[in-house]
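Here's the letter readout for the chains.
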Number of protein chains: 2
Amino acid sequence: MSSERLIYLPLGGAGEIGMNAYVYGYGAPDHERLILVDLGVTFPDMDGSPGVDLILPDVTWLKERADRLEGIFITHAHEDHVGAVAHFYGDLGAPIYARVFTANIARGKMEEQGHPEDAVQTVSAWPEQTEAGPFSVGFLPMSHSIPESSALIIDTPAGRVIHSGDFKLDETPGVGEPFDPELWAEVSKDGVRALVCDSTNVFTRHPGRSEVEVGPEIEKLVAGAGGMVVATTFASNVARVKTLAEAGERAGRSIVLLGRAMRRMIEAAVETGVLGYFPRVVSPEEAGSIPRENLMLLVTGSQGERRAASAQLARGKYMGLELAEGDLFLFSSKTIPGNERGVIRIMNQLSEKGVDVVDESSGLYHVSGHANRPDIERLHAIVNPQIVVPMHGEHRHLREHAKVSEQNGRQSVVAVNGMMIDLSGNAPTVAEYIETGRTYLDGSVQIGALDGIVRDRIRMALNGHVVITVILDEEDEPLGDPWCDIKGLAETGTSNAPLVDVLEADLSQFLMRANPKTLRDDDGLEDALKRIARQTAQSEIGKKPEVTVVISRMR
Amino acid sequence: MSSERLIYLPLGGAGEIGMNAYVYGYGAPDHERLILVDLGVTFPDMDGSPGVDLILPDVTWLKERADRLEGIFITHAHEDHVGAVAHFYGDLGAPIYARVFTANIARGKMEEQGHPEDAVQTVSAWPEQTEAGPFSVGFLPMSHSIPESSALIIDTPAGRVIHSGDFKLDETPGVGEPFDPELWAEVSKDGVRALVCDSTNVFTRHPGRSEVEVGPEIEKLVAGAGGMVVATTFASNVARVKTLAEAGERAGRSIVLLGRAMRRMIEAAVETGVLGYFPRVVSPEEAGSIPRENLMLLVTGSQGERRAASAQLARGKYMGLELAEGDLFLFSSKTIPGNERGVIRIMNQLSEKGVDVVDESSGLYHVSGHANRPDIERLHAIVNPQIVVPMHGEHRHLREHAKVSEQNGRQSVVAVNGMMIDLSGNAPTVAEYIETGRTYLDGSVQIGALDGIVRDRIRMALNGHVVITVILDEEDEPLGDPWCDIKGLAETGTSNAPLVDVLEADLSQFLMRANPKTLRDDDGLEDALKRIARQTAQSEIGKKPEVTVVISRMR
C-alpha cells in the first residue's frame, strides 16, 4: 500500500479565474484511478482570443487516461464549472454526477450537443455518497451565488479531502441552503487531510455580507422609482433574481424576464423546486399593454455583453420594449475585470436616453458570492485540515491564500494548472509537471490555443493583410504583372499614389530583374515577394502587413 | 453687435474621456473668429481599434476654417490635452500657447514630427493675458496631477468664460501651484458668463483628498520594505514621482528612473524649474552594483502597457535589473477602466516571481487628480457662473454634472462633441450640429475611423480570411483548379479533410458547371465564389470567413 498515492492535479482554474477542472487520483503512480471535479469554460476576448466562441481547458492528459476516469463531479451550475461537460463528453465518457438543479442545467447542455441526457446522474446531498473507484464522494451543501452549490467530501484511502467548490459563508442566502457551521464541524471532526479551497476574494479584508442584506435596499430603490425599472444581474444568481422580482411585485410592478439565460435559470429553479415562491411573470407582449411605471424587467447582460438583453435595450427596442427618460436601470452586479468597457458603453447609451443608472458602487445593491479573507480563515479553522491547497484564483490569489494559511500555522502549497501534487505524505510535494493549456471552441471545431490560428487573426488585426498573386508561364517567366489586394490597410500612403499601385510597381520591378533560379523556387520567390511588400508598405504607410503570396504556374 | 455670438463647440472630450479639443468662437454666425483649447489624443484598444497607433479627434471642421483660427491654448501637458498638437500643426498652423512646463513638453512633440519648435509660445500665468482676435486669454493656476495645470480665463465681448481644464481642489499639491480660492473668487467677482467644467469624478460623492496625504503612507511602506522596491505611477504625475523618490531616499535607497516618459517628465520639470528638490538619480548600470535593499526603481507602465518598464520587469530582466522573491512592487496609481487585464497580468507575473504587490485598493497610496462632486460644487459656488457647461466626461458624467448644476439652481446644458452651443443669450442654446469623429494615426498615415479599414481588420480577426485565386483562359474557361489559402481558420473541419481541399473541391465544382455569362462577369463570379466559400466554411468549421477573390484572366 505504501506505493499508492493520493494526487491532486488542476487542469484549469488554478492560476486563473475560469474553466475549472480539478483531477484527483488514488493508486500506484501512473495507475491512479481518477475523478474530475468540475469541467468549466472561460470566455474569450478580443485581446487574446478574437473570434473564439468559448475557451475550454486542454484535457489531453485526461483523455489519454479516460479508461481510468471513474466519474465527473460538478459542484455547481456556473459556466466556469459546468460549461465544458458536453464539449468533452465524447472524449471522456465518464458518468457525470451533480445535485438536482446543477444536473438540470448540465442535461440541457448535453441535449444541445446531442449527447444522452442520462449520462448526468442526479445525486442527493450529504450524507449520501457516491462510490467512484477508490473514492467515495459526497455533496456538502454550501452557500454561493447560485442555488445548491456544494463542497465535495472526497473520502480516499489516504484520508478525507474537502474540495470547497465556490463558496461564501452565508447563513441567510435567500435561495439555497445556508452555510451550516455545525455540519461542517461534524464532517471535519475526524481529521481532514486537505482542504482544497476557493481563493477568489482573499484580498478582501472585511467579512463577506449576506445576500439577505441587499433585499431591503433594492426594495427601497424600486419603491421610489417613477418610470420603468430594469435590473440586471447574473441570471444564475437565482436568489438575487427572486429578490429583485419580489421588490418589483411589492411596488405593484409586473415582472418580465428578458434574455434566454434568465428564463432558463428560473425555469430550472422552478422545475427542481429550489426556488420556492416567485412572483408571476408576464411576457414582453403582455407588458406592452401595462403602463411603464408598473413594469419591472429583469434582464441578462450585467457584464455588458453586446448581444444580451441589457445591451439591446440600451441601444434601442428589444422584444417591443423600449427605455425612456425617467426610467431606472439597476446593475445589481459587479463588473468582472476586463468587462468594464462593455458595461460603461451601456451606461452611456442609457444616459443618452435619459435613463438613471444605479450600480453597485454604493455597496447597497450587490454582495459577492465568494468568501472574503476572514471567511476563508474561518472555514480553515472549522475544517482544521492538515494541508490547505488554494484553488480558484489567479497566481496572486493562490499565493496570498497560501501565505494566509501558513501565517496561521497550516501547511500550504501554490499549485497552478499542470502541477500534480502528491497529498499522501506529511507535506504536499510536487509529483510531476503536466502540460496543460487552453482549447478554443471556434465555430464548430476545437483548436489548440497555440496552433497559430488565432495568432494569425491577431496579426491580421494589428498589421492588415496583403495578398500578392503572381502567374508564371511554362518557362517560369512572369505572365503579366503581379497583382495585389489589401485588406485592413490605408489605401494611400506618403507618395500619394494608391498603396496597391506602389506595391505592384515594386514587385513588378523585382520580378523583371529576378534571376531564373529565384523564379523557379516557390519558397524563395514567396519570401522575396513578402519582404518587398513589407518594405514598401513600411515606407508608404509605416506598417508591416501580413502577406499571403499565391504563385500560379502554367506548367 | 446683436448679430454677433459667442459659441462653444467640443470636437473631442465631451461624451468621452480623452482627446480633448474645445473650440470657442466669437463673431457673426459663420464668421466667428476661433480659438482652440487643448488638442489631445486617446489610446486605441484591440476591441475597437486594433493596430491603430493613436486616436486623434477629427478636426475637419476646424481645418476648413483654419484661416479663422487665432490660436491654440493648452491647459496642461497630459497626452489627452497636448498629444495631437504636432499631428495637426500642418493643417491648423495657428500659434500654440502654453505655460513653461507644458510648452516644454509640446515642443518635444513638435520636434519629433519635424515642426518648428517656435510655433509653441510660452506664456506666463494670470494676470498675463494673450490677445487672440476678439478673445483675451489668461492661464489661471489650478491644481491637478501634473505641474502647472491651468484653467483659462477667456474674456470675450459677450463676457468672461472660465474653462476649468482638468482640476482638483488641492491646497497642498506638493509640486505645482495650490488651488487658491481667493484668486478664483477675485477673477469671478465681476460675473462669469459660463464655467466650462471638468466632469470626470462627478459620481464620487466624498470630497477629494490632497496629494500631501499619500506621502507619509508611502514613506512608511518603503521604510518597511526588505528587498528592492519598485513603484509605478503616471510619469507626468511629477508630484507623486517626487514623493516616491523622497520616500526612497529617506529609507536610504538610491533612485533609478526607468522608462522614457519617466525620464522625460522629470527632465522637463527640472529644466523648467517646477520641480524644486529631487533626490539624486543613479543609472540602471550604477544600480547593478548597489545592494537590492538599497534600491528604489520608479518606472513607467502603471496601466499595464506591454512595452513599458513595469511590464518588462514583470516578464524578466530590464536594463540589467531583475525582480526577485521578497521585493515590493507598488502601484501608486488607479487603473483606468479598460486597462484592468493588462495590470492584472503584471500583478500575476510579479506574484510568480514572489514579489509582493501593493496597489491603491487600500486608499493609502494614491489620490485622484480630479475634483469629486463636492469639489465641483464648491468651484461652482466660488465662480457663480450664469451657465455651467460640463466637459471632460462621458455622456453619463456630463449628464450628472448638468443635473447637479441644475439642482443647485444653475443653468446647464449637456453638450457632446459636435454640438455647437450659443452662449450669448440668457440661456445656452444649440446653434448647430457639426459632424465630428475620430481620426486614427495608423503607422505613418491618418485614416478615418469610419473608412472601413479598421472594420476589415476586426472582421479578419473575428472571422479569419480565405483567399481564392481563379485563372480564366482567353475563352473565359477556368484554367486549372481554383486555389485557396486560409489565414486564421482551423485547418480541418467536420469532414476531417483539410478545409482548403473541401473549399477547392466545392469551388471547382461550381466553376465546372457555371455558365459562360457568369464566367465573363468579374463581379458576379466574385460574389458567387465568396458565397460558396462562406457556405462551405460554415458547414465545415461553423464560421463564415472574410473572403478575397483574385480572378486572373489570360486575355
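Before reading further, recall that the structure is shown in the block above.
The notes below deal with the structure included here. (Residues numbered from 1 in each chain as written. Chains lettered and ligands numbered in written order. Predicted model: local features only at pLDDT ≥ 70, side-chain atom pairs only at ≥ 80, totals over all residues. Heavy atoms only, no water.)

**Points about the interface of chain A and chain B**
Across the contact, 60 residues belong to chain A and 62 residues belong to chain B. Summed over both sides, the interface of chain A with chain B buries roughly 5,200 Å², with 59% coming from carbon and sulfur. Its largest share of buried area at the contact with chain B, chain A owes to Met46, Arg341 and Lys487 of chain A, together 14% of the area lost on that side. Remark: the boundary between chain A and chain B carries 10 salt bridges. Of the charged contacts, one joins Lys543 of chain B and Asp442 of chain A as a salt bridge, the two residues approaching to 3.1 Å between their closest N and O atoms. At the boundary of chain A with chain B, the tally comes to 32 residue pairs in polar contact (both at pLDDT 80 or more). Secondary structure elements with two or more residues in the side of chain A that touches chain B: α11 (340-352), α13 (395-407), β25 (445-448), α14 (453-463), β26 (465-472), β27 (483-487), α17 (522-541) and β28 (546-553) of chain A. (Contact = heavy atoms within 4.5 Å. Buried area = accessible area lost by both parts, 1.4 Å probe. Salt bridge = Lys/Arg side-chain N within 4 Å of Asp/Glu carboxyl O. Polar contact = N/O pair within 3.5 Å; in protein donor to acceptor, adjacent residues only side chain to side chain. Helix = DSSP H or I, 4+ residues; strand = E, 2+ residues; numbered from the N terminus.)

**What about the relation of the copies chain A and chain B?**
Expressed as a screw operation, the relation of chain A to chain B combines 0.0 Å of axial shift with a rotation of 180°, fitting to an RMSD of 0.1 Å. The superposition of one copy onto the other is thereby described by a two-fold rotation axis. Closest approach to the rotation axis within chain A is made by the C-alpha atom of Ala461 of chain A, at a distance of 2.7 Å. A share of 100% of interface residues in chain A that are also interface residues in chain B marks the association as one of identical surfaces. (Least-squares fit on C-alpha atoms with pLDDT ≥ 70 in both.)

**A closer look at the environment of Tyr365 of chain B**
Examined against the element boundaries, Tyr365 of chain B turns out to sit in the loop between β17 (356-358) and α12 (373-383). Excluding its chain neighbours within four sequence positions, the residues that come into contact with Tyr365 of chain B are Val214, Glu217, Ile218, Leu221, Arg240, Leu330, Ser332, Val358 and Asp359 of chain B.

**Thoughts on the sheet that holds strand β18 (residues 387-391) of chain B**
The pairing of strands in a sheet happens through backbone hydrogen bonds and is either parallel or antiparallel. Residues and elements named next belong to chain B. Within the open sheet, the 7 strands sit side by side as β8-β9-β10-β11-β12-β18-β19. Their pairing is mixed. Lying at the two open borders of the sheet, with one neighbouring strand each, are β8 (129-132) and β19 (411-412). Here strand β9 (residues 135-141) pairs with strand β10 (residues 150-156) via 6 bridges, running antiparallel. Within β10, the residue paired with Ser136 across the bridge is Asp155. Set on the sheet, helix α13 (residues 395-407) makes contact with β12 (194-198), β18 and β19; between it and β18 the angle comes to about 160°. (Pairing = 2+ DSSP bridges. Axes fitted to C-alpha atoms, helices over the stretch in contact; angles between N-to-C directions.)

**Re helix α5 (residues 181-188) of chain A**
Residue and element names in this part refer to chain A. Of the positions making up α5, those classed as buried are Trp184, Val187 and Ser188. One face of α5 carries all of its buried residues, which in axial projection span an arc of 95°. Each element contacted by the buried residues of α5 is listed here: β10 (135-141), β11 (150-156), β12 (159-163) and α12 (373-383). (Buried < 20%, exposed > 50% of the residue type's maximum accessible area, 1.4 Å probe, protein only. Arc of directions from axis to C-beta.)

**Brief notes about the packing of α11 of chain A against α13 of chain B**
Across the interface, α11 of chain A lies against α13 of chain B with an axial gap of 8 Å and an inter-helix angle of 45°. By the angle between their axes, α11 of chain A is oblique relative to α13 of chain B. Within the contact between the two elements, α11 of chain A uses Ile344, Met347, Asn348, Ser351 and Glu352 of chain A and α13 of chain B uses His395, Arg396 and Arg399 of chain B. Class assignment of the residues belonging to the contact of α11 of chain A with α13 of chain B gives a composition of 2 nonpolar, 3 polar and 3 charged. (Parallel < 35°, antiparallel > 145°, perpendicular 65-115°, else oblique. Nonpolar A, V, L, I, M, F, W, Y, C, P; charged D, E, K, R; others polar.)

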